[in-house]
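# Structural characterization, general
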Amino acid sequence: VVRLGAKLPACTMAMEACCGSHHLGHVLREQGHEVRLMSPEYVQPYVKAQKNDERDAEAIAEAATRPTMRFVELKSEAQLDAQILHRARTRLVGQRTALINQLRAVLLERGIVVAKGRQQLERFLTEMLDPAIEPPSTLSPRTRLLIEDKRLEWGELDRRIAALTTEFVARAREDQAARRLVSIPGFGALNATALVAAIGTGETFRSGRDLAAWLGLVPRQATTGGKPRLLGITKRGNTYLRTLLIHGARAALPSLSAGQTLIGEWLRGLVGRAHKNKVVVALAGKLARIAWAVLRSGEGYAARVSQPVAA
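So, how was this worked out
- Residues numbered from 1 in each chain as written.
- Predicted model: local features only at pLDDT ≥ 70, side-chain atom pairs only at ≥ 80, totals over all residues.
- Heavy atoms only, no water.
- pLDDT = per-residue confidence, 0-100.
- Helix = DSSP H or I, 4+ residues; strand = E, 2+ residues; numbered from the N terminus.
- Pairing = 2+ DSSP bridges.
- Contact = heavy atoms within 4.5 Å.
- Buried < 20%, exposed > 50% of the residue type's maximum accessible area, 1.4 Å probe, protein only.
- Expected span 1.5 Å × (residues − 1).

### What about the confidence of the model for the protein chain?
Considering every residue of the protein chain, the mean pLDDT works out to 91; 98% of them sit at 70 or more. When pLDDT is averaged over each helix and strand of the protein chain, the minimum, 80, is found for strand β5 (residues 227–233) and the maximum, 95, for strand β2 (residues 34–38).

Given below as structure tokens:
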């Protein structure tokens, strides 16, 4: 493709967005071509029956000419690096969780039950592996040795995860867009760097609602008896970003709902009529819309203070 692009005059090159399309897109753009990346789910409706390479190419060409088509912005090297680091950290966290579950299962097989929570298990293992403390009678020397090895492995995973987290904090301080996002309640270095890596400055979205819909945070609607009724969220789009936003919203909910701001008033009214988990998801959707506004405006977040009600 690169050799072919070098021989052709400047033209439009359309591709489905995938793991290798951004690198190829940069190479083709340097050759003077206009690169258009599209999500595969937007190309699929144009594929005719009996799918093959020819019809795939025809569908991509057809989709690229649609006036309402939404194209994927080419990611920079910094964005691609950040996404790789986020995936690496997620894999390490998953390995740590699997290791913790395995340790709990080993202890439970010996009749030892530990309270819920990672810190509770870590504290218990530290005390149990202390040479000055007599180990439980149900724990054999070989099992104790295995647990010691797993505890060392756990410590190594903690160290690697902490190192990546520190790097994300440094990246959030250096990047202007991420620094503005951190000013939003519920946004930390992880959320900010992950969002900037995924969408850049948010130019591909027409509104904050479009971004929330891309993240799967917009509720589906159904009509019953002529009246619209909200259902669960669509859960489409980037699962990792949606998870980070929901965790951030859960952490920010207590302080935001207690504040004398417009978003605080909205949350207090919502808490009174909906389950807490629904409130968290609704807040995550609002934070996504705020994030889009912050990225597009180039300004930091400033909470709007609610007006006191006249007596």
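### Concerning the sheet that holds strand β3 (residues 71–72)
In a beta sheet, neighbouring strands pair by backbone hydrogen bonds and run either parallel or antiparallel. Across the sheet, 3 strands lie side by side as β1-β2-β3; this open sheet has mixed pairing. In this open sheet, the two edge strands, each paired with only one partner strand, are β1 (12–16) and β3. Two elements, β2 and β3, share 2 bridges in a ladder whose sense is antiparallel. Across the sheet, the residue bridging to Met38 is Phe71, located in β3.

### Brief notes about the environment of Arg296
With respect to the secondary-structure elements, Arg296 resides in helix α13 (residues 276–297). Note: C-alpha distance between Arg296 and Gly208 (88 residues apart in sequence) is 9.7 Å. Apart from residues no more than four positions distant in its own chain, Arg296 is found in contact with Thr201, Gly202 and Glu203.

### Quick word on unusual backbone geometry
The phi angle at Gln50 is positive, at roughly 55 degrees, despite the residue not being glycine. For Gln50, a relative accessible area of 64% translates into the label exposed. Positive phi is not limited to glycine here, since Lys235 has a value of about 55 degrees. Its location among the elements puts Lys235 in the loop between β5 and α11 (239–258).

### Focus: helix α5 (residues 77–109)
Look at α5: 48 Å from first C-alpha to last across 33 residues, which is about the 48 Å you get at 1.5 Å a residue. Following α5 by one or two positions, Gly111 adopts a phi angle in the positive range, close to 75 degrees.

### A few points about the environment of Ala192
Considering the arrangement of structural elements, one finds Ala192 in helix α9 (residues 189–199). Residues Ala192 and Phe168, spaced 24 residues apart in sequence, show a C-alpha to C-alpha distance of 9.0 Å. In this view, Ala192 contacts Ala178, Leu181, Val182 and Phe187; residues no more than four positions away in its chain are not counted.

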